[in-house]
Amino acid sequence: MMTPWGESLDPSNVLPEHPRPQLVRDSYLNLNGHWEYAFTPAGASVPSVWDGQILVPFSPEAPLSGVGRRLQPHELLWYRRVVALPEGFVGDRVLLHFGAVDQDARVWVNGVLVGKHRGGYLPFTVDITDPLGERAAVGRAEIVVAVRDVTDTSWRTRGKQALSPGGIWYSAQSGIWQTVWLESVPTAYVHRMDLTPHLDTGEVEVVVHSDAPYPATVLVMADGREVASRLVTAGVATRISLSEVRTWSPADPFLYDVEVRLGEDRVRAYVGMRSVALGADPAGRARLLLNGEPFLHAGLLDQGYWPDGLYTAPSDEALAFDVQTAKDLGFTMLRKHIKVEPLRWYHHCDRLGMLVWQDAVSGGTSYGRVATQGPVVAPWLRLGDAPSKRFGRADLEGREEFLRELEDTVEHLRSSPSVVVWVPFNEGWGQFDARDVSELVRRLDPTRLIDHASGWHDQGVGDLVSRHVYFRRYRLSRKDSRDPRAAVLSEYGGYSWRVPGHTWSEKEFGYRKFRDQERFGGAFLALQEEQVAPALEKGLAAFVYTQLSDVEEETNGLLTYDRRVLKVDADAVRASNDRLQQRFSAAVSA
């Protein structure tokens, strides 16, 4: 099953765009393309014979990789590529970047082990200047990567991957699944940059992370005109006042350009001026505020899977297509579900104007059915979440790793204006100590909101009281409408229609099944008009329909899995969302 972008993919030009839009240098060398690969037992050393070629950054399980082989928990997946460095590319230091490698990686350059990384969803960088040595002069670097992925046989972070997929659990994938690239930098350079808007004072808070002993110059520009500049000390949070402030919102996703000059280093970034908060409407009901005003988060659940690339979109245009489709239908938010995307996906949300609720990636051992499925049939059930086997969180090491990865996720996405809500736990999957975890996220990032336990097992903290409703009619309860937190319907719907010729398998998973477009589309609109709309008037602050696209056996998307068919009438859905916005506006102004 192929998407249009997968069909037209050029193996010599795979995902060539700069993968880090908020820290861009001109010294960029993309290493996507064909690498050698081999599978070996877990304890093996570097292979002397290779199995063939794999198209990076597609996992071997993905059709676009050209491999068609699953990495098993007892195996290693090896990669090798000899890179020709362009003349003049090598500066003071050379950095090798990996967008994400699932799950654990070791990296050698010219036979020298240069780095290791644990976890399959976040980027890592190794400095390869020293092992390049004399070979840098002749422009040659041999890169070897070894990967191991235990998927769901451990407490490790895995998201929705399963070795035995079915229903809401999807095909396991492994190895390099985001862009690999080289970068040349001076001895003193910008390692990272945090950009935080403070709309109330008209300031941007900047932190330039570097070990440079001298200050950096930060320039902020609007449409090519300089609106602010300041010298900042590396590692020190510095606020820069803007001479003019234009807010960022889904209706006007305006981005300021940012340039940082640190000695010989030059980097480009951007920032959006917006504020996110919890507040009350005139009737005293809790609402989600954007730029100081109640704003309706009209959302879709977004899994981020592709039939030809699995975790990896076949092109940058494909990433943008999903975001633009949701926006064209009148939605204002996507809930990125149990996955961290490549930074370019967040860039498209930033520039197109799409709010993002960002889930943490779940892990843990097997989940108890009562803990994770009981509230489906008994919505009143609420369990305490002390670390336990029923939540798959009896392992201290697993809990500690989850917390480290959660902290790294917040740091990784901190500067994206589209990200407005953090979601640490979903439906009890690997949940533990949600009160403490919510406090941790608040300390890490007090500028965004928190949905601490999406679905059920609410521990009474965070900013949202969050419900999932699939098998019963949704009505906003008096308890939720009176909660000082905002009431949100964070998952609902999940209606299924299998479009002939556009399905992954003969199996069908959905919470209610329809046999034609008219009935499917009518049922979707009925949910909006008959259940969501009345709740908005009583205090509902946000809703998230399941889901943007089909995924494998789940045929409950508004798009087919191959993104070739929109299952609903676009004009009708957009008109329905417009009516919901009007009813929301009337409710918050009354």
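Up top is the structure these notes are about.
Each chain has its residues counted from 1, following the order in which its sequence is written. Only residues with pLDDT of at least 70 are given local features in this predicted model, and only at 80 or more are side-chain atom pairs given and counted; all residues enter the totals for whole chains, interfaces and linings. Water and hydrogen atoms were dropped before computing side-chain values, which therefore reflect all heavy atoms in the structure.

(A) Representation of the overall build of the protein chain within the structure. Helix and strand assignments follow DSSP, with helices taken as H or I runs no shorter than four residues and strands as E runs no shorter than two, numbered in order from the N terminus. Within the protein chain, the regular secondary structure consists of 10 helices and 34 strands. Its C-alpha atoms give the protein chain a radius of gyration of 24 Å, near enough to 25 Å, the size a compact globule of 590 residues would have. Projected onto its principal axes, the C-alpha coordinates of the protein chain cover approximately 70 × 60 × 45 Å. The buried label applies to any residue whose accessible area, calculated with a 1.4 Å probe on protein chains only, is under 20% of its type's maximum; exposed applies above 50%, and partly exposed to all values in between. Scored against the burial criterion, the 590 residues of the protein chain give a buried share of 63%. Contact definition: two residues touch when any of their heavy atoms are within 4.5 Å. When contacts within the protein chain are restricted to residue pairs at least 6 apart in sequence, long-range pairs at least 24 apart make up 69% of them. Using the Shrake-Rupley algorithm and a 1.4 Å probe, accessible areas are obtained, with residue cover drawn only from the displayed protein chains. Accessible surface, the protein chain as shown: approximately 22000 Å² in total, 48% of it carbon and sulfur. Of the charged side chains in the protein chain, 66 are positive and 78 negative, and the gap between their average positions amounts to 6 Å. Restricting the calculation to C-alpha atoms gives the radius of gyration, and the globule rule supplies 2.2 Å times the number of residues raised to the power 0.38. In this tally, Asp and Glu contribute negative charge and Lys and Arg positive charge; neither His nor the terminal groups of the chain are included. Positions of charges follow a simple convention, taking NZ of Lys, CZ of Arg, CG of Asp or CD of Glu.

(B) Summary view of the nonpolar core. Grouping buried Ala, Val, Leu, Ile, Met, Phe, Trp, Tyr and Cys residues that are joined through side-chain atoms within 4.5 Å yields what is termed a nonpolar core. Core analysis: the largest hydrophobic core is formed by 79 residues, its most contacted members being Phe 331, Phe 543 and Leu 558. Ranked by residues supplied to this core, first place goes to helix α9 (residues 517–538) with eight residues. Formed by 33 residues, the second largest nonpolar core is a distinct cluster that contains Phe 39, Val 126, Leu 132 and Ile 143.

(C) Region of interest: a nonpolar patch on the surface. Each patch is built from residues that are more than 30% exposed by relative accessible area and take part in no salt bridge. Like charges join if they lie within 9 Å; nonpolar side chains (Val, Leu, Ile, Met, Phe, Trp, Tyr) join within 5 Å. By definition, a salt bridge exists where a carboxyl oxygen of Asp or Glu is found within 4 Å of a side-chain nitrogen of Lys or Arg. The grouping of Val 376, Val 377 and Phe 471 at the surface amounts to a nonpolar patch, some 320 Å² of accessible area in total. Here Phe 471 lies in the loop between β30 (464–469) and α8 (478–482).

(D) Looking closely at the sheet that holds strand β24 (residues 293–294). Strands sit in the order β22-β23-β24 across an open sheet of three strands; the sheet is antiparallel. Sheet topology places β22 (276–280) and β24 at the edges, where each strand pairs with a single neighbour. Pairing of strand β23 (residues 286–290) with β24 involves two bridges; the strand directions are antiparallel. Residue pairing in the sheet places Leu 290 in a bridge with Glu 293 of β24. Strands were regarded as paired on the criterion that DSSP finds at least two bridges between them.

(E) Examining the pairing of strand β5 (residues 93–98) more closely. Counting buried positions along β5 yields five of six residues, so the element is predominantly enclosed. Pairing of β5 with strand β14 (residues 180–185) involves six bridges; the strand directions are antiparallel. Paired with Leu 96 across the strands is Leu 182, a residue of β14. Note that β5 and strand β9 (residues 124–127) share four bridges and pair antiparallel. Residue pairing in the sheet places Phe 98 in a bridge with Phe 124 of β9.

(F) The arrangement of the packing of aromatic side chains in detail. A pair of aromatic rings is counted whenever rings of Phe, Tyr or Trp (Trp by its six-membered ring) have centres within 6.5 Å, and the orientation is called stacked for planes under 30 degrees apart, edge-to-face for over 60 and tilted otherwise. Scanning the entire structure with this criterion turns up 28 aromatic pairs. On the basis of an interplanar angle of 90 degrees and a centroid distance of 5.2 Å, the ring pair of Phe 471 and Tyr 511 is categorised as edge-to-face. With a gap of 40 residues between them, Phe 471 in the loop between β30 and α8 and Tyr 511 in the loop between β32 (495–497) and β33 (512–514) connect regions that are remote in the sequence. Here Tyr 511 falls in the partly exposed class, since its relative accessible area comes to 22%. Judged by centre distance (6.1 Å) and plane angle (40 degrees), the ring pair of Trp 497 and Phe 520 falls under tilted. Of this pair, Trp 497 sits in strand β32 while Phe 520 sits in helix α9, and the two are 23 residues apart along the sequence. By the burial criterion, Trp 497 is buried, and Phe 520 matches it. What links up through ring pairs into an aromatic cluster is the set Tyr 121, Tyr 170, Trp 177, Tyr 305 and Tyr 311. Here, over-ring charges are defined by two tests on the NZ atom of lysine or the CZ atom of arginine: distance to the ring centre within 6 Å, and angle to the ring normal within 35 degrees. Sitting over the face of the ring of Phe 39, Arg 69 holds its NZ or CZ atom 4.0 Å from the ring centroid. One residue, Arg 563, lies across the ring of Trp 306, its end atom 3.7 Å from the ring centre.

(G) Representation of the pattern of salt bridges in the model. By the definition in use, this model includes 44 salt bridges. In this structure, Arg 25 engages Asp 265 in a salt bridge whose closest nitrogen and oxygen atoms are separated by 2.7 Å. In this pair, Arg 25 is assigned in the loop between α1 (4–7) and β1 (28–30) and Asp 265 in strand β21 (residues 265–271), connecting sequence segments 240 residues apart. A salt bridge links Arg 192 to Glu 411; the nearest nitrogen and oxygen atoms lie 3.4 Å apart.

(H) The arrangement of the packing of helix α3 (residues 316–328) against helix α4 (residues 343–352) in detail. Axis separation between α3 and α4 bottoms out at 9 Å; the angle between their running directions is 40 degrees. Judged by the angle between their axes, α3 and α4 are oblique. In this structure, the crossing between α3 and α4 has a hand that is right-handed. Between α3, through Asp 316, Leu 319, Ala 320, Val 323, Gln 324 and Lys 327, and α4, the contact on the second element is made entirely by Arg 344, Trp 345, His 348, Cys 349, Arg 351 and Leu 352. Following the grouping adopted for this structure description, the nonpolar residues are Ala, Val, Leu, Ile, Met, Phe, Trp, Tyr, Cys and Pro, the charged ones are Asp, Glu, Lys and Arg, and the polar ones are all others, Gly among them. Tallied by class, residues from the contact of α3 with α4 come to six nonpolar, two polar and four charged. What counts as an axis is a line fitted to C-alpha atoms, over the stretch in contact for a helix, and the angles between N-to-C directions run from 0 to 180 degrees. Orientation is classified from the angle alone, with under 35 degrees giving roughly parallel, over 145 giving roughly antiparallel, 65 to 115 giving roughly perpendicular, and any other angle giving oblique. A clockwise turn of the near helix away from the far one marks a right-handed crossing, whereas an anticlockwise turn of less than a right angle marks a left-handed crossing.

(I) Structural view of the environment of Val 112. Here Val 112 shows up in strand β8 (residues 112–118). Looking at Val 112, the relative accessible area reads 40%, which means it is partly exposed. Distance in space between the C-alpha atoms of Val 112 and Val 144 is 9.5 Å, their sequence separation being 32 residues.

(J) Main features of unusual backbone geometry. For the bond running from Val 56 to Pro 57, omega is 15 degrees, close enough to zero to count as cis. Among the structural elements, Pro 57 can be located in the loop between β3 (52–56) and β4 (75–84). In this structure, the amide linkage connecting Asp 102 to the following residue, Gln 103, adopts the cis form with an omega of 25 degrees. Looking at the secondary structure, you find Gln 103 in the loop between β6 (101–102) and β7 (104–109).

(K) Here's a closer look at the packing of helix α6 (residues 396–413) against helix α7 (residues 434–444). Across the interface, α6 lies against α7 with an axial gap of 10 Å and an inter-helix angle of 30 degrees. Between α6 and α7, the interaxial angle falls into the category roughly parallel. Every pair of crossing elements has a handedness; the one defined by α6 and α7 is right-handed. Contacts between α6 and α7 involve Leu 403, Leu 406, Glu 407, Val 410 and Glu 411 from the first element and Val 437, Leu 440, Val 441 and Leu 444 from the second. Looking at side-chain class alone, the contact of α6 with α7 contains seven nonpolar, no polar and two charged residues.

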